[in-house]
Structure formats: structure tokens, C-alpha cells
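So you can see what is in the structure, the chains are spelled out below.
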Amino acid sequence: MNESPRTPLHREDSLPVDNRRVLSGRYELGGLIGRGGMADVYRGIDTRLGRTVAIKLLRADLARDPQFQARFKREAQAVAALNHSSIVAIYDTGEHLIHDGSEENVRVPYIVMEYVEGKTIRDLIRAHDVTIDQAIDYCLGVLGALEYSHKAGIVHRDIKPANVMYCEGTNSVKVMDFGIARAIADSSATMTQTQAVVGTAQYLSPEQARGETVDARSDLYSAACLLYEMLTSRPPFVGDSPVSVAYQHVREIPEPASSLNPQVTPALDSVLAKALQKNREDRFQDAAAFRRALRAARSGVPVPALAASEAPTDPNDHVPAPSTPATEAFAAAGAAAAGFVDEAPTGRLDATRRGTAYPLVAGDDDAPADALPLGLPPERERSPRQKSRRRAWIT
């Protein structure tokens, strides 16, 4: 007898309603309000306190990973301690037992969060409903949340428009999903390991794409990508695949935002140029510095240009082979290189000759036949009187 293959149960909506209606005998699930690559978010009711909450249920296939369960629980507890006006508050965490017909039941982690009414920045960008002033305000709110979380030792790792919500009633932004990406991918995880979690590579920092350790400055890079998209309606890099976009984050320099939106000022361009540096040492070192620069840019003050000794370092730097010999390069420098020689008996530089270049290379076609090395002029012929004095002195 042939049996039809079983469809694997990967999502919560594949399960009977009665099995997922109430979590832990306390949180009653309502309608679905959001769906992502890693979880579904429902509007719910805390029956014990009688308040509306948002409940996020993780996918059952991720819940089967014991390492994920341990990281999720540890990180959720840490994020629950965050109390900031620009961070969606976490009220509770737990596990929901699901009977999927197999011998072993699945324990699906869930997070109970503050219910926020508003629109995500992603929706506002798609509707072209973000002005430059609003983009700066939204980014300042995100940076305020990051400054607070970084001081508490929490790195978000997944800053993007879909994880930031604008609340029109309070005219403020709320950063969501703190700790989720970190719970799934530890600091040594590579992009391949986190690709299913992040869902898009358009906001990955170069070090994330290279599989290096992630720190607070990686969040600041992602926040700069968010600001860039709010100003231009597109991310800094686009491509046909996540791999191609990640490659651009590592190798390419983004177009200035002003080239896509003429209303973007040079001051804002300078802020983005620093925040999107490939080497994290060349970016803003903390969210507070980023916020100060962004406020100054709003007033037209750009980020100060770096001195030559502090120029941004390219992780792909190499020492190029000189195209011309050093002596030729020195000769081409003109009076600045050769004008220090003068035939004046006083040894002082003749002001009228400071703009004159001397040939320095033997065999130069433009040099006179009797030219001396280092551009010295030929010795002038002595007068008969000088010659007679010299013979008398020698005698």
C-alpha cells in the first residue's frame, strides 16, 4: 500500500488551533499581526493582568536545536532587563509544548512583548513617507536605543527597517527583536550560519559578512544602512543574491546618498561616509558619537576630515609597485625638489629661480651636454685676471 508522504510541520499554523490557543495557561493568542523568516507574531491577551501583549512564537524547526534553546533563553533574560523608551519591552518568556504527532513533542520558545501600535520603517519607506528631518529623528531614536543596550552588553545584530517601528501617537520609534539574532548566532558565527535568521544581507556589517566577531560597532554600521535607505529609499548595496550583496559590503564603496537624493546635504554624506567604513576602527566608536555627528549634520556641520595619518584603512590594502623610478619621480617634482641648489656665492636661494626645475637624470634629452649632476649649472669661465692670480698663488 502506498502512503502519501507527510508534509513536515515547520510553522505554527500547520498545527491544530486548540494546541496553540493558550500558552502556559496564561497568554491567549489572538490574530496574526506579523510574520518573519524565523517567527510569527500574534496579538494576545495576558489573562492574569488583563493587558494586550504581542506574543512571538519561534519556528518549530529552530526550536528543535538544543543550542538555540539555551542561547535564546539566556539572551531573552538579558534583554528583559532593558528598560528604555525606544526599546520594545519584554515581559515574559516561556516554552509552549506542541504535539506534532511524533514520539517527541516540540518545545517552542516564545517571547511576550509590549504591544505597540504603529508602522514599521520598512512600510514608511515603501510608501515614500519619510522626509529627511524624519529620517534623522528616527535614526537618532534608534541610536539612543543602541547606546543604552550596548552599555548593558547587548548587541542587536539585526538592525533593519522591519525591526524599527514608528508610533505616531507618541511620535517616537521602537526597536524590536533585541537579542533574537544574538541568541541564534554566537559571536563567532558566520553569515552561512545566520543567513536563515537574518533573512537579508542588505544590512550586514563587513565583519558579519566575513564571519568575524561582531561588536557594538557592527550595529552602528547597520544603523547607517538604515539611515541611508530612509534618505534614498534603497539600501546602500543591492544585488541579485545575498552573497553578492555581502560581497559589496566587504569590497565596494556605496554611492553618496546625495547622488540618489539631491536634498541630502554634504554634511549628511560625510556622516554616512564615516559610519559605513569597512574597517570598524574607522567608524564611529559608539552610538553617542554617531548621534552627536548626526545632530551636527542637521545644522550643516560635516564630520571633520581625517588627517593623512588617520586616513581610513582598507582591509584589502596593498603596497602598489612604483610606476616610475624614484629618481624620475624626484626629478618631476620641480623646484620644490631641486630648487634648494643655487650657484649664488652667498649660498642663498635666488627667489627668481624657485619656479625653475633642473634635470636630475643623466642622459636626459633636454639637459645640456655639459650639465653637471644634481642640476648644478656649468662652471663659468674664469677671467684672465682670475687665471693669473691663481697661477701666482700656486707658484
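First things first, this report covers the structure right here in the doc. Values in this document were obtained by computation on a predicted structure and should not be read as measured data. (Residues numbered from 1 in each chain as written. Predicted model: local features only at pLDDT ≥ 70, side-chain atom pairs only at ≥ 80, totals over all residues. Heavy atoms only, no water.)

## Some remarks on the overall build of the protein chain
Now for step 1: When its secondary structure is counted, the protein chain shows 15 helices and nine strands.
Now for step 2: Classification of the 395 residues of the protein chain by burial places 42% in the buried group.
Now for step 3: Taking as baseline every contact in the protein chain between residues at least 6 positions apart, the subset at least 24 positions apart corresponds to 61%.
Now for step 4: When the accessible surface of the protein chain is split by element, carbon and sulfur atoms take 51% of a total near 22,100 Å². (Helix = DSSP H or I, 4+ residues; strand = E, 2+ residues; numbered from the N terminus. Buried < 20%, exposed > 50% of the residue type's maximum accessible area, 1.4 Å probe, protein only. Contact = heavy atoms within 4.5 Å. Areas by Shrake-Rupley, 256 points an atom, 1.4 Å probe, with all protein chains shown as cover.)

## A word on the nonpolar core
Now for step 1: In this structure, Ile121, Leu146, Met230, Phe284, Phe290 and Leu294 are the most contacted members of the largest nonpolar core, which totals 66 residues.
Now for step 2: Setting aside its immediate chain neighbours within four residues, Met230 contacts Ile121, Ile125, Val130, Ala135, Tyr138 and Cys139.
Now for step 3: Among the nonpolar cores identified, the runner-up in size contains 14 residues, and Leu23, Tyr42, Ile98 and Tyr110 belong to it. (Core = buried A, V, L, I, M, F, W, Y, C linked by side-chain atoms within 4.5 Å.)

## Description of the packing of aromatic side chains
Now for step 1: For the structure shown, the criterion picks out three aromatic pairs.
Now for step 2: Positioned above the aromatic ring of Phe284, the side-chain terminus of Lys274 is 5.7 Å from the ring centre. (Phe/Tyr/Trp six-rings, centres within 6.5 Å; stacked < 30°, edge-to-face > 60°. Lys NZ or Arg CZ within 6 Å of the ring centre and 35° of its normal.)

## Some words on helix α4 (residues 132-151)
Now for step 1: Between its first and last C-alpha atoms α4 spans 29 Å; for 20 residues at 1.5 Å apiece the expected length is 28 Å, and the two agree.
Now for step 2: With respect to burial, α4 is a largely interior element, 15 of its 20 residues being buried.
Now for step 3: Immediately downstream of α4, the backbone of Gly153 shows phi near 85 degrees, a positive value. (Expected span 1.5 Å × (residues − 1).)

## Some words on the sheet that holds strand β1 (residues 22-23)
Now for step 1: One open sheet holds the six strands; their spatial order is β1-β2-β3-β4-β6-β5, and the pairing between them is antiparallel. Two strands bound the open sheet, and with one partner strand each, they are β1 and β5 (90-98).
Now for step 2: Where strand β4 (residues 51-58) and strand β6 (residues 106-114) come together, five bridges link them in antiparallel fashion. Paired with Lys56 across the two strands is Ile111, which belongs to β6. (Pairing = 2+ DSSP bridges.)

## Description of unusual backbone geometry
What you tend to see is this: most non-glycine residues have negative phi, and most peptide bonds are trans.
Now for step 1: Positive phi values are uncommon outside glycine, yet Asn171 reaches one of about 50 degrees.
Now for step 2: You can see Asn171 is positioned in the loop between β8 (164-167) and β9 (172-175).
Now for step 3: You will see that Ser233, though not glycine, has its phi angle at about 70 degrees, which is positive.
Now for step 4: Mapped onto the secondary structure, Ser233 falls in the loop between α8 (216-232) and α9 (242-251).

## Concerning α8
Now for step 1: The end-to-end C-alpha separation of α8 is 25 Å, in line with the 24 Å expected for 17 residues at 1.5 Å each.
Now for step 2: For α8, the buried fraction is high: 16 of the 17 residues fall into the buried class.
Now for step 3: Of the residues one or two after α8, Ser233 is the one with positive phi, at around 70 degrees.

## Concerning the environment of Leu204
Now for step 1: Here Leu204 is to be found in the loop between α6 (191-198) and α7 (206-209).
Now for step 2: Leu204 sits in the buried class, given a relative accessible area of 5%.
Now for step 3: Separated by 47 residues in sequence, Leu204 and Arg157 place their C-alpha atoms 8.3 Å apart.

## Thoughts on the sheet that holds β9
Now for step 1: Pairing is antiparallel in the open sheet, where three strands are placed in the order β7-β8-β9. Each edge of the open sheet carries a strand with a single partner, namely β7 (119-120) and β9.
Now for step 2: The strands that α4 touches are β8 and β9; relative to β9, the one it contacts most, it runs at about 45 degrees. (Axes fitted to C-alpha atoms, helices over the stretch in contact; angles between N-to-C directions.)

## Overview of the pairing of β4
Now for step 1: By the criterion of burial, β4 is predominantly enclosed, with six of the eight residues buried.
Now for step 2: Taken together, strand β3 (residues 39-46) and the strand that follows it, β4, pair antiparallel across an intervening segment of four residues, in which Gly50 is found at a positive phi of about 70 degrees.

## Comments concerning the pattern of salt bridges
Now for step 1: Per the stated rule, a full pass over the model turns up 14 salt bridges.
Now for step 2: Where Asp46 meets Arg26, a salt bridge forms, and the shortest distance between an N and an O atom there is 2.8 Å. Highlighted residues: Asp46 in strand β3 and Arg26 in the loop between β1 and β2 (27-35), separated in sequence by 20 residues.
Now for step 3: Judged by relative accessible area, which is 1%, Asp46 ranks as buried.
Now for step 4: In this structure Arg26 comes out as buried when scored by relative accessible area, which is 15%. (Salt bridge = Lys/Arg side-chain N within 4 Å of Asp/Glu carboxyl O.)

## A word on the packing of α8 against helix α11 (residues 266-275)
Now for step 1: Relative to each other, α8 and α11 sit at 145 degrees, their axes nearing to 9 Å. The two elements α8 and α11 meet at a crossing, and its hand is left-handed. Every residue of α11 that contacts α8 at Tyr221, Ala224, Leu227, Tyr228 and Leu231 is listed here: Leu268, Leu272 and Ala275. (Left-handed = near helix turned anticlockwise from the far one by under 90°.)

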